[in-house]
Amino acid sequence: LPRLLFLCPGVDPGRWRRGFARHMPELEFVPATAGEAETPPCDYALVWRPPAGALQDVPDLRAVFSLGAGVDDLLRRVRLPAGVPLVRLVDPALTELMVEYVVHWVIHHHRDFARYAAWQREERWRQVWPGQTSERRVGIMGLGELGGAAARAVAALGFDTAGWSRTPRRIPGVRSFHGPGELPSFLARTDILVCLLPLTAGTERLLDARALGLLPEGARLVNAGRGGVLVEEDLLDALESGRIAAATLDVFREEPLPPGHPFWRHPRVQVTPHVASLTNADTATAAIVANIRRLESGEALTHVVDVERGY
Ligand code: NAP
Ligand code: GLV
């Protein structure tokens, strides 16, 4: 019978155990126990924030699954045994939450609802025409599972939508930009910038003073990818100069966002605590089990990470 090692320190295994029992009753669920000298032989491992160097000596591993979509932290902590694929989490429920988050904040910035919240505190009644949706230029960085779905949803609302990715992506209603060469023209046409990039050697500190300076005056930023993509000091400067009018940040260089960090109380920064999307054990186990069944019936796994590329 196949065995799955659950190696997610700090994550309650209960819901995961129940999820796997429901979707693959024949799978033996083996929670890793801290301090255990040797890991038992397991066919699969489900991991999140594992201890550094973990998995190196697990015998018989066939595939490693990430509990989250982003694998930057995992790749920093573990070196996978040769030939063992790492699979990132792709789950329609995860995508749906991210789409809601992006749509919510794009509309929030387009309509400048923060202004009315401020005016309410002054008992001020004033109406401002927000501008036409079809003329509001939204730009999504990263057009993968999450960015692609977000771009489709934003385009369906009627926004002038573009996306930027490493390779060209064809999405109806979404203008495609790709590669470093097209980044300046993508940024120059973007009023509301949404970042859904993974953190890799190619994206780290990509949103720096230079990139932010290419946005039109008064642009808005939503970062729900990874904090390391953004140079936080450069965003603070851009907010100060007015280049960026407001930002919504869900991810940070250091999480939890440290006490006293300037983002906490910045009047034009909305902080959310890495909740743009959240992994749900029941739907995620269904997605992982579908992939295990694929492997067990001799088919190729889907959503395998290219470790060299970093995503
Ligand atoms: P994905 O399907 O792998 O898509 C990644 C996208 O980024 C692809 O379009 C890729 O381009 C593009 N990209 C990667 N490196 C690039 C580079 N150097 N230049 C330009 N484009 C680049 O990933 P996903 O499932 O959509 O997830 C994206 C990220 O969202 C995750 O890595 C994670 O960090 C973050 N996330 C955040 C939350 C949250 O709650 N805040 C939740 C889940 C995930 P190609 O299309 O050309 O490959
Ligand atoms: C969360 O950020 C994830 O990567 O799933």
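Everything that follows concerns the structure shown earlier in this document.
Reference entry: report on the structure contained in this document. (Residues numbered from 1 in each chain as written. Chains lettered and ligands numbered in written order. Predicted model: local features only at pLDDT ≥ 70, side-chain atom pairs only at ≥ 80, totals over all residues. Heavy atoms only, no water.)

Another point: the site of ligand 2. What surrounds ligand 2 is the set W48, G68, A69, G70, R226 and H274. Contacts to ligand 2 include A69, whose backbone N or O atom sits 2.7 Å from an oxygen atom. Taking R226, its side chain carries an N or O atom lying 2.7 Å from an oxygen atom of ligand 2. Within the complex, 82% of the 190 Å² of free accessible area of ligand 2 lies under protein. (Near = heavy atom within 4 Å. Polar contact = N/O pair within 3.5 Å; in protein donor to acceptor, adjacent residues only side chain to side chain. Areas by Shrake-Rupley, 256 points an atom, 1.4 Å probe, with all protein chains shown as cover.)

For the rest of this paragraph, the subject is the nonpolar core. Ranked by size, the top nonpolar core spans 31 residues in total, and within it M141, F186, L207, L235 and L249 carry the most contacts. Listed by contribution, the elements that provide at least two residues to this core are β7 (160-165), α6 (179-188), β9 (192-195), α7 (209-213), β10 (219-223), α8 (232-241), β11 (244-249) and β12 (269-271). Beyond its immediate stretch of four places on either side in the chain, L249 contacts Y101, L221, N223, L230, L235, F263, V269, Q270, V271 and T272. The next biggest cluster of nonpolar side chains, apart from the first, holds 24 residues, and it includes L46, F65, V87 and L89. (Core = buried A, V, L, I, M, F, W, Y, C linked by side-chain atoms within 4.5 Å. Buried < 20%, exposed > 50% of the residue type's maximum accessible area, 1.4 Å probe, protein only. Helix = DSSP H or I, 4+ residues; strand = E, 2+ residues; numbered from the N terminus. Contact = heavy atoms within 4.5 Å.)

The subject of this paragraph is the sheet that holds β12. Pairing is parallel in the open sheet, where seven strands are placed in the order β8-β7-β6-β9-β10-β11-β12. Each edge of the open sheet carries a strand with a single partner, namely β8 (174-178) and β12. Strand-to-strand, the axes of this sheet are offset by a mean angle of 15 degrees, without reference to chain direction. Direction of pairing for β9 relative to β10: parallel, over a ladder of four bridges. Its bridge partner lying in β10, I192 is registered against R220. Docked against the sheet, helix α3 (residues 92-111) engages β6 (137-141), β9, β10, β11 and β12, running at close to 160 degrees with respect to β11. (Pairing = 2+ DSSP bridges. Axes fitted to C-alpha atoms, helices over the stretch in contact; angles between N-to-C directions.)

What follows covers the sheet that holds strand β3 (residues 44-47). Strand order in the open sheet formed by five strands is β2-β1-β3-β4-β5, and the pairing between neighbours is parallel. Each having just a single partner strand, β2 (28-31) and β5 (86-87) make up the two edges of the open sheet. Note: strand β1 (residues 3-7) against β2, four bridges, orientation parallel. Each residue of the ladder has a partner; that of F6, found in β2, is P31. Sitting on the sheet, helix α1 (residues 14-23) touches β1, β2 and β3, and the angle it makes with β2 is about 165 degrees.

Together, L97, V275 and L278 make up an exposed nonpolar region whose accessible area comes to about 210 Å². Structurally, V275 is set in the loop between β12 and α10 (281-296). Given the relative accessible area of 36%, V275 is considered partly exposed. (Patch = residues over 30% accessible without salt bridge, like charges linked within 9 Å, V, L, I, M, F, W, Y side chains within 5 Å. Salt bridge = Lys/Arg side-chain N within 4 Å of Asp/Glu carboxyl O.)

Close contacts around ligand 1 come from 29 residues, with R88, L146, T167, R169 and Y311 the closest. In the environment of ligand 1, an oxygen atom lies 2.8 Å from a nitrogen or oxygen atom belonging to the backbone of E145. A distance of 2.7 Å separates an oxygen atom of ligand 1 from a polar atom in the side chain of R169. Coverage of ligand 1 by the protein amounts to 94% of the 940 Å² it exposes when considered alone. When residues of the shell around ligand 1 are traced back to their parent elements, those giving at least two are α5 (145-156) and β7.

Considering all chains together, one arrives at 17 salt bridges under this definition. Note that R76 and D73 form a salt bridge whose closest N and O atoms lie 3.9 Å from each other. Residue R76 and its partner D73 are located together in helix α2 (residues 72-77), separated by three residues, close to a single helical turn. It is possible to trace a salt-bridge network through shared partners that takes in D72, D73, R76, R77 and R226.

Moving on to the environment of R62. The topology assignment puts R62 in the loop between β3 and β4 (63-66). The exposure class of R62 is partly exposed, given its relative accessible area of 37%. Taking C-alpha positions, R62 is 8.2 Å from C42, a pair spaced 20 residues apart along the chain. With residues up to four places along the chain from it excluded, the contact list for R62 reads D43, Y44, V84, P85, L295 and E296.

Given 3.6 residues per turn, any residue in an α-helix points the same way as the ones three and four places further on. Among all positions of α6, only G179, L183, F186 and L187 are buried. One side of α6 carries all its buried residues, which in axial view fall inside an arc of 100 degrees. Tucked into the core, α6 has its buried residues touching β6, β7, β8, β9 and α7. (Arc of directions from axis to C-beta.)

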